[in-house]
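Listed below are the residues making up each chain.
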There are 2 protein chains.
Amino acid sequence: MTTIADVAKLAGLSRTTVSRVLNNHPNVAEEKKRLVLEAMERLNYVPNSTAQRLRNQKTDTIAILVPVLTNPFFAYLLEAMDTVATDNNLQLLVCQTRYDREKELNFLSLLKTKQVDGLILTSSENDWDIIAEFTQYGPIVLCNEYSELVNVPTVRMDNTEAAYEAACHLIEQGCKKIAYSYGEKKSSVALERENGFRKALQEYGLPLNKEWIIRNVYDMEDGREALNYLSRLPDKPDAVFTGSDQVATGMIIEAKKQNINIPDDLAIVGFDDQPIASIVEPGLTTIAQPIQQMGTKAMETMIEVILHKRNLSYHEILLPFELIVRDSTNRISFN
Amino acid sequence: MTTIADVAKLAGLSRTTVSRVLNNHPNVAEEKKRLVLEAMERLNYVPNSTAQRLRNQKTDTIAILVPVLTNPFFAYLLEAMDTVATDNNLQLLVCQTRYDREKELNFLSLLKTKQVDGLILTSSENDWDIIAEFTQYGPIVLCNEYSELVNVPTVRMDNTEAAYEAACHLIEQGCKKIAYSYGEKKSSVALERENGFRKALQEYGLPLNKEWIIRNVYDMEDGREALNYLSRLPDKPDAVFTGSDQVATGMIIEAKKQNINIPDDLAIVGFDDQPIASIVEPGLTTIAQPIQQMGTKAMETMIEVILHKRNLSYHEILLPFELIVRDSTNRISFN
DNA sequence: GCGGTTTCTGAAATCGATTGCATAAAACAA
DNA sequence: TTGTTTTATGCAATCGATTTCAGAAACCGC
């Protein structure tokens, strides 16, 4: 491996001067600069970034914790973050927690061991007081998931309000028996949505049968199974509000197989407004999340904290959602 | 920041001894060991991994280059690699090239600057002679994409044979005018598939109308547009072989909207056997890629090279595919 | 008690960069 | 010419770990 010392020797100069050339320090004579550049060229020299990291005490790397990469929501979120990071010469260390508490802790330790300059959490498995512990080792930004218990910048959407609006929409379409499905039990996102959902039911004086709540539903296949479950209930719901478009799509497809009419027999609302929502038949009513904005803002906030040393403790950015009405809930004509 | 020197001072010992405790060196007296552990505990000490990397000359990090994270094929591939890597205490640096030559070169430089111990390529934008240049800086493994021009271990599937088999299947179903869609023009994967496809047509003496070849088709939306295009052609195909299940699904959904019967008017074959293939109606005939195996084997090969210093220059692992026949091509009764 | 092993421990070098400080050389002013 | 400022360069310390080497201490057998 060729080091800065090799370059210095070949150029007949000191390591200091070579380093100065490398970092565009002004006080280097043109002639010497040329010598150094020539030597670097000839030796095919590239600085060792581990050494630079140690000396400069920064890694230019941000860790992003996501539960799984195969969930499109997180894939798109990452894509948005990646764009901003790349533009600012930062690397992304993508960490899959797989909804595992232990793994999450290991990744949080990246801050402790100084392997990253900052860390963005998009979901969380551990209690907030445990996570708060890590803020002393480096900046943490919350994106999507949130908690006012941990004093860090947060970029998110109002899931309570979104779920409330979705439920109201179903109720206004004449639905009276609305089922609810979600993934993670502990996540703030799921809790908020459930709160919003319950609030709407309460306001309209509608009941929530315990059998209509389905947990641990993540993908299309889970959606199919969930629909099977619902369609076998003695007291069937006439609508279902799901945690993701994937799940909703699985339900639609299974419903069609069973000749359950959507939206007349069962109205369905998804979440995320992923491409599939507008492609599936009937079109899926859903909550459009500002995924790109969320990712972008979260990374920008991180950069603000790291590069500009700004201290933005609890600084919440609340992004707007939009209820996209399509045919999967279009029962107006049947009221 | 607490360093090994702080621990040494508090424990009343030298840095050497602390380091020995850290690395489980056998020759440390129990009593001293206890002192060191106590000091580490009290100072909440964690070794700085940048310093360790510099000293140990390894990063325990592998870079994985993928075009985009939002393509499920790559998301699942990454997931498989991540599992193996995590089990071997390796970190993954996920790098999105976005099909950009310049970005890919920057990521390849991670090897030069010693930021990673190895690099896995799952696609490639640059010419092979350029990529070959980088093999001198660290181990490269090819996964999915391949080339016999660059002398590195390769894990892949026989795309030629897979496409050939898919095309033969369509032909045996009575299709005579088969369209072909794919994404990346330059990729070895696309080239192989096209070769296999053409070989089948040739053997059966079938024509390939230029208008039936569609480029740059990646996702569901592209699939919809592609179907629109095909259905407006004066000389319409009676089957289409696509590059991914996403694209095929987009086609199926659009075809249904236009009352084009699948498979009778148009038989469709996808690629990958993603979850959606068995969920969509009609079920999608597709080539099941051993995605998990590919990711696993690729990472295992990398580990073999790095951890065990094995030198596996051109060592090709060819994994089996499977043609999964579903209703989207089931025209037997109509022959 | 004495030579020979074995077990512990620490000083100092090392990994490959950057930077504070000192100094030499050049430029400038009087 | 002499004194002052500016520019250019390098020595050596530093970042935080690991490891070689040498010496001290403990143990063993006779």
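What counts, and at which threshold
Residues numbered from 1 in each chain as written. Chains lettered and ligands numbered in written order. Predicted model: local features only at pLDDT ≥ 70, side-chain atom pairs only at ≥ 80, totals over all residues. Heavy atoms only, no water. Near = heavy atom within 4 Å. Polar contact = N/O pair within 3.5 Å; in protein donor to acceptor, adjacent residues only side chain to side chain. Helix = DSSP H or I, 4+ residues; strand = E, 2+ residues; numbered from the N terminus. Buried < 20%, exposed > 50% of the residue type's maximum accessible area, 1.4 Å probe, protein only. Pairing = 2+ DSSP bridges. Axes fitted to C-alpha atoms, helices over the stretch in contact; angles between N-to-C directions. Contact = heavy atoms within 4.5 Å. Domains from an automatic or database assignment. Least-squares fit on C-alpha atoms with pLDDT ≥ 70 in both. Parallel < 35°, antiparallel > 145°, perpendicular 65-115°, else oblique. Left-handed = near helix turned anticlockwise from the far one by under 90°. Nonpolar A, V, L, I, M, F, W, Y, C, P; charged D, E, K, R; others polar. Right-handed = clockwise from strand over helix to strand, strands pointing away. Buried area = accessible area lost by both parts, 1.4 Å probe. Salt bridge = Lys/Arg side-chain N within 4 Å of Asp/Glu carboxyl O. Core = buried A, V, L, I, M, F, W, Y, C linked by side-chain atoms within 4.5 Å.

Participant: Would you mind going over the protein's contact with DNA strand C in detail, with residue names and values included?
Facilitator: As a matter of local geometry, DNA strand C sits amid 31 residues, with Ile4(A), Asn48(A), Arg55(A), Lys32(B) and Arg55(B) nearest to it. Within 4 Å of the protein, the contacting atoms of DNA strand C are drawn from sugar and phosphate to the extent of 62%. Here a phosphate oxygen of DNA strand C sits 3.2 Å away from a polar atom, N or O, in the side chain of Gln52(A). Among the secondary structure elements, those contributing two or more residues to the surface near DNA strand C are helix H2 (15-22) and helix H4 (49-56) of chain A together with helix H2 (15-22) and helix H4 (49-56) of chain B.

Participant: Now, about the protein's contact with DNA strand D: what can you tell me, with residues and values included?
Facilitator: Among the 30 residues in the neighbourhood of DNA strand D, the closest are listed as Thr17(A), Arg55(A), Ile4(B), Asn48(B) and Arg55(B). Take Arg15(B): an N or O atom from its side chain is 3.3 Å from a base nitrogen of DNA strand D. Between Asn23(B) and DNA strand D, the recorded distance is 3.1 Å, taken from a side-chain N or O atom to a phosphate oxygen. For the surface near DNA strand D, the secondary-structure elements that each account for two or more residues are H2 and H4 of chain A together with H2 and H4 of chain B. The dominant element in the surface near DNA strand D, judged by the number of residues it contributes, is H2(B), at five residues.

Participant: Quick rundown of the pairing of strand S11 (residues 316-319) of chain B? Include the residues and the values.
Facilitator: Residue and element names in this part refer to chain B. The side-chain alternation of S11 yields one buried face, formed by Ile 317 and Leu 319, and one unburied face, formed by Glu 316 and Leu 318. In this sheet, S11 lies alongside strand S5 (residues 154-157) in parallel orientation, the contact comprising four bridges. Each residue of the ladder has a partner; that of Thr 154, found in S11, is Glu 316.

Participant: Give a description of the sheet that holds S5(B) that names residues and reports values.
Facilitator: All names here are of chain B. Strand order in the open sheet made by the six strands is S2-S1-S3-S4-S5-S11, with parallel pairing throughout. In this open sheet, the two edge strands, each paired with only one partner strand, are strand S2 (91-96) and S11. Adjacent strand axes in the sheet meet at a mean angle of 20°, parallel and antiparallel pairs treated alike. Relative to strand S4 (residues 140-143), strand S3 (residues 118-121) runs parallel, the two being bridged by three bridges. Bridge pairing links Leu 121 to Leu 142 in S4. The sheet contacts of helix H6 (residues 101-112) involve strand S1 (61-66), S2, S3 and S4, and relative to S2 the element is tilted by about 160°.

Participant: Break down the domain arrangement of chain A for me, citing the residues and quoting the values.
Facilitator: In terms of domain boundaries, chain A breaks down into domain 1 (4-45), domain 2 (58-156 + 291-319) and domain 3 (159-289 + 323-334). Here domain 1 of chain A and domain 3 of chain A have C-alpha centroids that lie 65 Å from each other.

Participant: Pulling in residues and values, what's your account of the relation of the copies chain A and chain B?
Facilitator: Between the two copies, chain A and chain B, the superposition gives an RMSD of 0.1 Å; the rotation angle is 180° and the shift along the axis is 0.0 Å. Expressed as an axis order, the relation between the two copies is that of a two-fold axis. Residues of chain A ranked by C-alpha distance from the rotation axis are headed by Leu93(A), positioned 2.7 Å from it. Most of the interface of chain A is mirrored in chain B, where 100% of its interface residues are also at the interface.

Participant: Please give an account of the packing of helix H1 (residues 4-11) of chain A against helix H3 (residues 30-43) of chain A that cites residues and values.
Facilitator: All names here are of chain A. Where H1 meets H3, the axes come as close as 9 Å, and the angle between the chain directions of the two elements is 120°. Classified by the angle their axes make, H1 and H3 are oblique. In this structure, H1 meets H3 at a crossing whose hand is right-handed. Where H1 approaches H3, its residues Asp 6, Val 7, Leu 10 and Ala 11 are matched on the opposing element by Leu 35, Val 36, Ala 39, Met 40, Arg 42 and Leu 43. When grouped by side-chain class, the residues that make up the contact of H1 with H3 number eight nonpolar, no polar and two charged.

Participant: Quick rundown of the pairing of S1(B)? Include the residues and the values.
Facilitator: For a regular strand, the rule is simple: side chains alternate between the two faces of the sheet. Residues and elements named next belong to chain B. Counting buried residues along S1, six of its six residues qualify, which places the element largely inside the surrounding structure. Bridging between S1 and S2 involves six bridges; their strand directions are parallel. Of the residues in S2, the one forming a bridge with Val 66 is Gln 96. In terms of handedness, the path from S1 via helix H5 (residues 72-87) over to S2 forms a crossover that is right-handed. Alignment of S1 against S3, held across four bridges, turns out to be parallel.

Participant: Describe the sheet that holds strand S7 (residues 213-214) of chain A, naming the residues involved and giving the relevant values.
Facilitator: All names here are of chain A. Reading across the sheet, the four strands line up as S7-S6-S8-S9 and stay open at both edges, with parallel pairing between neighbours. Only two strands of the sheet have a single neighbouring strand rather than two, namely S7 and strand S9 (267-269). Here strand S8 (residues 239-241) runs beside S9; their pairing, made up of three bridges, is parallel. When the bridges of S9 are listed, Ala 239 appears paired with Ala 267. Along the sheet face, helix H8 (residues 159-172) touches strand S6 (178-181), S8 and S9 and points at about 170° away from the line of S8. Helix H11 (residues 245-257) rests against S6, S8 and S9 of the sheet, and its axis sits at about 160° to S9.

Participant: I'd like a rundown of the interface of chain A and chain B, residues and numbers included.
Facilitator: Counting from both sides, the interface comprises 45 residues of chain A and, opposite them, 45 residues of chain B. Buried surface at the junction of chain A and chain B, both sides included, amounts to about 4,100 Å², of which 57% is carbon and sulfur. When the area that chain A buries against chain B is broken down by residue, the three leading residues are Thr50(A), Thr70(A) and Ile279(A), summing to 15%. Joining chain A to chain B, the criterion identifies four salt bridges. The partner of Asp82(A) in a salt bridge is Arg98(B), and the shortest N-O contact between them spans 3.4 Å. Applying the counting rule to chain A against chain B returns 18 residue pairs in polar contact (both at pLDDT 80 or more).

Participant: Explain the nonpolar core to me, using residue names and the numbers behind them.
Facilitator: Ranked by internal contacts, the top residues of the largest apolar core, which has 54 residues, are Met299(A) and Met299(B). With near-sequence residues (within four places) excluded, Met299(A) lies in contact with Ile62(A), Ile64(A), Met81(A), Val84(A), Ala85(A), Leu92(A) and Ile120(A).

Participant: Explain the pattern of salt bridges to me, and be specific about the residues and the numbers.
Facilitator: For the coordinates displayed, the defined rule picks out 22 salt bridges over all chains. Residue Lys177(A) is joined to Asp235(A) by a salt bridge in which the shortest nitrogen-to-oxygen separation is 2.9 Å. Note that Lys177(A) is positioned in the loop between H8 and S6 and Asp235(A) in the loop between helix H10 (220-231) and S8, a separation of 58 residues in sequence. Judged by its relative accessible area of 30%, Asp235(A) falls in the partly exposed class. Between Arg224(B) and Glu254(B) there is a salt bridge, with the nearest N and O atoms lying 3.1 Å from each other. Here the residue Arg224(B) occupies a position in helix H10 (residues 220-231), and Glu254(B) occupies one in helix H11 (residues 245-257), the gap between them amounting to 30 residues.

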